[in-house]
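Coordinate inspection notes
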Amino acid sequence: MTTVLAGLPGVRVEDNVIDIDGRTRIALTYGKAPTREQIIIDRDSGELLAIQKELSGTGATFAAYVVKRLGWTDDPAPAQSSFS
């Protein structure tokens, strides 16, 4: 799937992109000024990590969706952790 997306007209593959959680991965970047979007994926697994929208030329992220856990909707919820 990643290969198909990367081959679409106007899509660039960028290495060492940092998402808003600080994870460095690869991104499929597309869009025209004044904004661009990035689909950030893990190179090894191909899993979606985030989708970000940036202002072109500035690198300033103004919207982001971060994936913390992938699974099916009928998977049991993970055990709750306590926050201190």
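Residues numbered from 1 in each chain as written. Predicted model: local features only at pLDDT ≥ 70, side-chain atom pairs only at ≥ 80, totals over all residues. Heavy atoms only, no water.

**Focus on the pattern of salt bridges**
Going through the model one piece at a time under the given rule, you end up with eight salt bridges. R23 serves as the salt-bridge partner of D19, at 2.8 Å between the closest nitrogen and oxygen. Taking the relative accessible area as the measure of exposure, D19 reaches 4% and is therefore buried. When the shortest N-O distance is used, the salt bridge between E54 and R36 registers 2.8 Å. (Salt bridge = Lys/Arg side-chain N within 4 Å of Asp/Glu carboxyl O. Buried < 20%, exposed > 50% of the residue type's maximum accessible area, 1.4 Å probe, protein only.)

**Considering the sheet that holds strand β5 (residues 61-66)**
A sheet is described by the order of its strands in space; here five strands give the open sequence β1-β2-β3-β4-β5, paired in antiparallel fashion. Each edge of the open sheet carries a strand with a single partner, namely β1 (12-18) and β5. Each neighbouring strand pair of the sheet contributes to a mean axis angle of 25°, computed without reference to strand direction. (Pairing = 2+ DSSP bridges. Helix = DSSP H or I, 4+ residues; strand = E, 2+ residues; numbered from the N terminus. Axes fitted to C-alpha atoms, helices over the stretch in contact; angles between N-to-C directions.)

**Notes on the environment of A33**
Assignment of secondary structure puts A33 in the loop between β2 (24-30) and β3 (35-41). As a C-alpha pair, A33 and D21 span 12 residues in sequence and 24 Å in three-dimensional space.

**Re the side chain of T29**
Following the sequence through the fold, T29 ends up in strand β2. At 3.4 Å, the side chain of T29 and the side chain of E14 are in polar contact. For T29, the residues in contact, after removing those within four places along its chain, are G10, V11, R12, E14, R36, E37 and Q38. (Polar contact = N/O pair within 3.5 Å; in protein donor to acceptor, adjacent residues only side chain to side chain. Contact = heavy atoms within 4.5 Å.)

**Structural notes on unusual backbone geometry**
A cis amide bond links A33 with the next residue in sequence, P34, at an omega value of 15°. Position of P34 relative to the elements: it lies in the loop between β2 and β3.

**Things to note about the confidence of the model for the chain**
For the chain, per-residue confidence averages 84 on the pLDDT scale, and residues scoring 70 or more make up 93% of the total. Within the chain, helix α1 (residues 2-6) has the poorest average pLDDT of any element, 72, and β3 the best, 93. (pLDDT = per-residue confidence, 0-100.)

**Some details on the pairing of β2**
Residues in a regular strand project their side chains so that they alternate between the two faces of the sheet. By the bridge criterion, five bridges tie β1 to β2 in an arrangement that is antiparallel. Its bridge partner lying in β2, V17 is registered against R25. Taking the residues between adjacent antiparallel strands as the criterion, β1 and β2 are bridged by five residues, where G22 takes a positive phi near 85°. Across five bridges, β2 lies against β3 in antiparallel orientation. Bridging from a neighbouring strand, A27 pairs with I40 of β3.

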